[in-house]
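Report on the structure
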Amino acid sequence: MSTKKEEFWQVVRELLEKKLENQAFLFQIPDQMSEMIDLEELTEEQEFAIKDFAKTVRKMIKKSDFRVKKWGIRDKSKTNINVFPLPAPYLHVVTETQTIRYEMVLFLQENQLILSLKRIKNEKSWGFAGINFSAEECKLIWKILDVLAKIGFWEPILLNRRLALISLSRQQQWTLETALWLQNVPATIDRLPMPVVFCAVHAILAAVMSEFPMGIKPLYYPALRLSDNEAAESLQLQTLRALMRDLNFTTVKTCMTLWQTEFEVQDTQAIEVLRKISHMPLLVRVERDKVQRILSLLMQHARGDAFYGHSDYPLGTLPILIGSTLPPDSLCFTLDWPAFEAPGSGDLAVLRDVAKVIVAQRERFIRCFARQLINRTVGIERYEKVYISNACAAIDEILGSETKRPFSHWANGLFAQHEMQQTEQLERFDRAVQLLRDRACWDDVVAPSAKEMGAGSLAFWYKGKMEQHCIAFELKDSFPRFLESRLGMRRADSEEFRSHLKTLGLLEKMSQNVRGQNGKSTAHVLLPVCIWEKPEEHMTEICDL
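Keep in mind that what you see is a predicted model, and the values were worked out from it rather than measured.

**Considerations on the overall build of the protein**
The helix and strand inventory of the protein stands at 16 helices and 19 strands. Across the protein, every contact between residues at least 6 apart in sequence was considered, and the portion connecting residues at least 24 apart equals 70%. For the protein, the accessible surface area stands at approximately 27100 Å², while carbon and sulfur atoms represent 50% of it.

Structure below.
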């Protein structure tokens, strides 16, 4: 009996692994599942194991108070079923955060087999997935299963749905490290565009972050501002998507891990989905103020928890944020990429090998990184700067490049470019504020009302319930166009420029819903006109919020 039971257990495991291959159990956890299997689909060994086990089960049922025919079972109440129930082990699905248990029964018919699984809950469920029985038939089946309970499958079937990272043998690691030594990594890193290496460093952190001890997970969002030129942005996105795909070091290459390199977050549900993704590098597009505020709040909560020693990164992975509404610079480390630079394919291959070596030796990397962080205080330097520089120092240590220190050298260049970028941005903002104070800068593109907006209009005069006079720009399109055409700025400056205006007291809210040109309530930027001339003569209607 034990041999038959073991062979049957093995066949059921094989069938479950095959039939549930595309079920991730990550975002949706089904309460019940069923699979119909023709016996012709089975191998001879599998079919023999199932039928041999069924013979043993049939003998046990016959010894009880049931009448058994070839494909039918009847009890004393003359309730009859024309399928043959077979007891089966429990199914345990192991995910990143929980173990999901299913109760399983197999129903054998002449030419087919039904796998019936129901999620175990507190309340008792009498029905079966995949086939509808009457109440009397269900009772009969449960009586039969109670008789067969003595078979006792003590070992459940496990389905592992946790993402695992690659592991290399010592020989493979030695071969990779030797190849990297011959490739001259410092020269390769110098040739690559800075945003590409920026993404690679954070892809390494994303891969190993789930194994970090408490207190060393990052408390900032890495972000990129792409080019305003559509053709250049398209090339940048192609490069980044390919890079994210190449730097995915999970062993499970599902459909999602192969092509899902970019994720657009539009609501709170999408953020919850994002929090369940781990190990994988992603581009996350943020285009809504509401989403930006939620991401900012999550990071602020994480930083608040850090004061009590319980900090944790608010998302499951460490994505590269892109889009027009990024969180403020106080919560992000944002790098500008205004013009496309094509990386060489050979240099990208070397960069991938570097990342692969680090991920394969992640335990050593984590020890080095933790030691670097513990031995260095933040002081007056930005937290993000300290974090990135320590990560780069740990990478150099793993690569055995303490003398040339290619990643530490790259990090110094990154910080210099970032500081220059912030200085240039502040100068642009100051010039733009001065231009805003000149009515000639915007007067000809502001319509008297939303209904009177023409082809050349970018905004309209607006007066809300508080009788405050404003100029209303549609957030997603008109305001970025106004920044670009009249203030000499980039479209990507929208979020930061609004924050700058808010800091100066020239903007009450980052955005506000008002009725625009199409008559629908949409997000607008409301620039108060109290700093300019009296606007009453230009306004023809009062708009409601």
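**Describing the environment of G456**
Along the polypeptide, G456 turns up in the loop between strand 15 (446–447) and strand 16 (459–463). Through-space distance from the C-alpha of G456 to that of V446 is 8.8 Å; in sequence the pair is 10 residues apart.

**Here we look at helix 1 (residues 2–19)**
The end-to-end C-alpha separation of helix 1 is 26 Å, in line with the 26 Å expected for 18 residues at 1.5 Å each. Within the sequence span of helix 1, burial applies to K5, F8, W9, V11, V12, L15 and L16. Projected onto a plane normal to the axis of helix 1, the buried residues spread over an arc of 165° and lie on a single side. Among the exposed residues of helix 1, those pointing more than 90 degrees away from its buried face are E6 and K18.

**Side note on the sheet that holds strand 16**
With respect to topology, 5 strands assemble into an open sheet ordered 15-16-17-19-18, the strand pairing being mixed. For this open sheet the edge positions go to strand 15 and strand 18 (512–515), each flanked by a neighbour on one side alone. Examined bridge by bridge, strand 16 and strand 17 (residues 469–474) share 5 bridges and lie antiparallel to one another. For A459, the partnering residue across the bridge sits in strand 17 and is F473. Helix-sheet contacts for helix 15 (residues 478–486) involve strand 17 and strand 19 (521–528), and the interaxial angle to strand 17 is about 95°.

**Notes on the side chain of H524**
Along the polypeptide, H524 turns up in strand 19. Judged by relative accessible area, which is 2%, H524 ranks as buried. A polar contact of 2.9 Å, which involves the side chain of H524, links it to the backbone oxygen of T522. In contact with H524, not counting residues within four places along its chain, are F460, A472, F473, E474, L475, S511, Q512, V514 and G516.

**Concerning the sheet that holds strand 3 (residues 73–74)**
By way of backbone hydrogen bonds, the strands of a sheet pair with one another, either parallel or antiparallel. Strands sit in the order 2-3-4 across an open sheet of 3 strands; the sheet is antiparallel. The outermost strands of the open sheet, each flanked by one partner alone, are strand 2 (67–68) and strand 4 (80–81).

**What about the pairing of strand 18?**
The alternating pattern of strand 18 places Q512 and V514 on a buried face, while none of N513 and R515, on the opposite face, is buried. The sheet contact formed by strand 18 and strand 19 spans 4 bridges and is antiparallel. When the bridges of strand 19 are listed, N513 appears paired with A523. Connecting the antiparallel pair strand 18 and strand 19 is a turn made up of 5 residues, with G519 showing a positive phi of about 85°.

**Describing the packing of aromatic side chains**
A complete count under the given rule lists 21 aromatic pairs for this structure. Ring centres 6.1 Å apart and planes at 40° place the aromatic pair F8 and F153 in the tilted group. Of this pair, F8 sits in helix 1 while F153 sits in the loop between helix 3 (135–147) and strand 9 (157–160), and the two are 145 residues apart along the sequence. Geometrically, the ring pair formed by Y220 and Y383 is edge-to-face, given 6.3 Å between the ring centres and 75° between the ring planes. You can see Y220 sitting in the loop between helix 6 (194–208) and strand 10 (221–225) and its partner Y383 sitting in helix 13 (residues 383–399), a full 163 residues away along the chain. Taken together, the ring pairs connect F212, Y220, F365, F369, Y383 and Y387 into an aromatic cluster. Across from the ring centre of F153, 5.8 Å away, lies the NZ or CZ of K5, which sits over that ring. Positioned over the ring face of Y90 is R101, at 5.3 Å from the centre of the ring.

**Some points on the packing of helix 6 against helix 14 (residues 406–436)**
Interhelical geometry of helix 6 versus helix 14 gives an angle of 120° and a closest axis separation of 11 Å. Relative to helix 14, helix 6 is oriented so that their crossing is left-handed. Taken together, the residues of helix 14 that come into contact with helix 6 (itself represented by M194, V197, F198 and V201) are F407, W410, G413, L414 and Q417. Taken together, the residues that form the contact of helix 6 with helix 14 break down as 7 nonpolar, 2 polar and no charged.

**Some details on the pattern of salt bridges**
Within this structure, the stated rule accounts for 26 salt bridges. We note a salt bridge from R225 to D329, for which the minimum N-O separation is 3.9 Å. Note that R225 is positioned in strand 10 and D329 in the loop between strand 13 (320–322) and strand 14 (332–336), a separation of 104 residues in sequence. Judged on exposure class, the residue R225 and its partner D329 are both buried. Among the salt bridges present, the one from R498 reaches E495, with a minimum N-O distance of 3.0 Å. You can see R498 and its partner E495 sitting in helix 16 (residues 494–503), 3 residues apart, about one turn around the helix. In terms of burial, R498 and E495 fall into one category: buried.

**Some words on a positive patch on the surface**
On the surface, a cluster of positive charge is contributed by R288, K290, R293, K476 and K502. Among the secondary structure elements, K502 is positioned in helix 16.

**Considering the nonpolar core**
Grouped together as the largest cluster of nonpolar side chains are 84 residues, with contacts concentrated most on F212, F365, F369, F407 and W410. The greatest single-element share of this core, amounting to 13 residues, is contributed by helix 6. In contact with F212, other than residues within four places in its own chain, are L205, K217, F365, I366, F369 and Y387. In this structure, F25, L42, V68 and L86 belong to the second largest nonpolar core, which totals 54 residues.

**Comments concerning helix 12 (residues 362–374)**
Helix length check: helix 12, at 13 residues, gives a terminal C-alpha distance of 18 Å against a target of 18 Å (1.5 Å per residue), a fit within 8%. Within helix 12, burial applies to R362, F365, I366, C368, F369, A370 and L373.

Scoring rules and cut-offs
Along each chain, the written sequence defines residue order, and numbers are assigned to residues from 1. Local features in a predicted model are, by the rule used here, given only for residues with pLDDT of at least 70; side-chain atom pairs are given and counted only at 80 or more, and totals for whole chains, interfaces and linings are based on all residues. Note that water and hydrogens are dropped before the side-chain values are worked out from all heavy atoms of the structure. The helix and strand labels rest on DSSP assignments: H or I over at least four residues marks a helix, E over at least two residues marks a strand, and numbering proceeds from the N terminus. The contact rule is simple, with two residues in contact once any of their heavy atoms fall within 4.5 Å. Calculation of accessible area relied on Shrake-Rupley with a 1.4 Å probe; when residues are assessed, cover is drawn exclusively from the protein chains displayed. Here a helix's expected span is defined as the number of its residues, less one, multiplied by 1.5 Å. Here's how the labels work: a residue is buried when its accessible area is under 20% of the maximum for its type, exposed when over 50%, partly exposed in between, all with a 1.4 Å probe on protein chains only. Comment: arc refers to directions from the helix axis out to C-beta atoms. One requirement defines pairing of two strands: DSSP has to find at least two bridges between them. Lines fitted to the C-alpha atoms define the axes, with helices restricted to the stretch that makes contact. Angles between their N-to-C directions range from 0 to 180 degrees. In protein, a polar contact requires one atom able to donate a hydrogen and another able to accept it; more generally it is a pair of N or O atoms within 3.5 Å, and residues adjacent in sequence count only if both atoms are side-chain atoms. Aromatic contacts are taken between Phe, Tyr and Trp rings whose centres are within 6.5 Å, Trp giving its six-membered ring; a plane angle under 30 degrees counts as stacked, one over 60 as edge-to-face, and the others as tilted. By definition here, charges over rings are those cases where NZ of Lys or CZ of Arg is within 6 Å of the ring centre and within 35 degrees of the ring normal. Crossing handedness: left-handed means the near helix sits turned counterclockwise from the far one by under a right angle, and right-handed means the same turn made clockwise. Here the nonpolar group is Ala, Val, Leu, Ile, Met, Phe, Trp, Tyr, Cys and Pro; Asp, Glu, Lys and Arg are the charged ones; every other residue, Gly included, is treated as polar. Each salt bridge in this description consists of a side-chain nitrogen of Lys or Arg and a carboxyl oxygen of Asp or Glu lying within 4 Å of one another. A patch consists of residues exposed above 30% relative accessible area that lack any salt bridge, with like charges linked at up to 9 Å and nonpolar side chains (Val, Leu, Ile, Met, Phe, Trp, Tyr) linked at up to 5 Å. Only four residue types enter the charge count: Lys and Arg as positive, Asp and Glu as negative, with His and the chain ends excluded. Just so you know, the charge point we use is NZ for Lys, CZ for Arg, CG for Asp and CD for Glu. By nonpolar core we mean a set of buried residues, namely Ala, Val, Leu, Ile, Met, Phe, Trp, Tyr and Cys, connected to one another through side-chain atoms within 4.5 Å.

Don't take any of this as a statement about function, it's just geometry.
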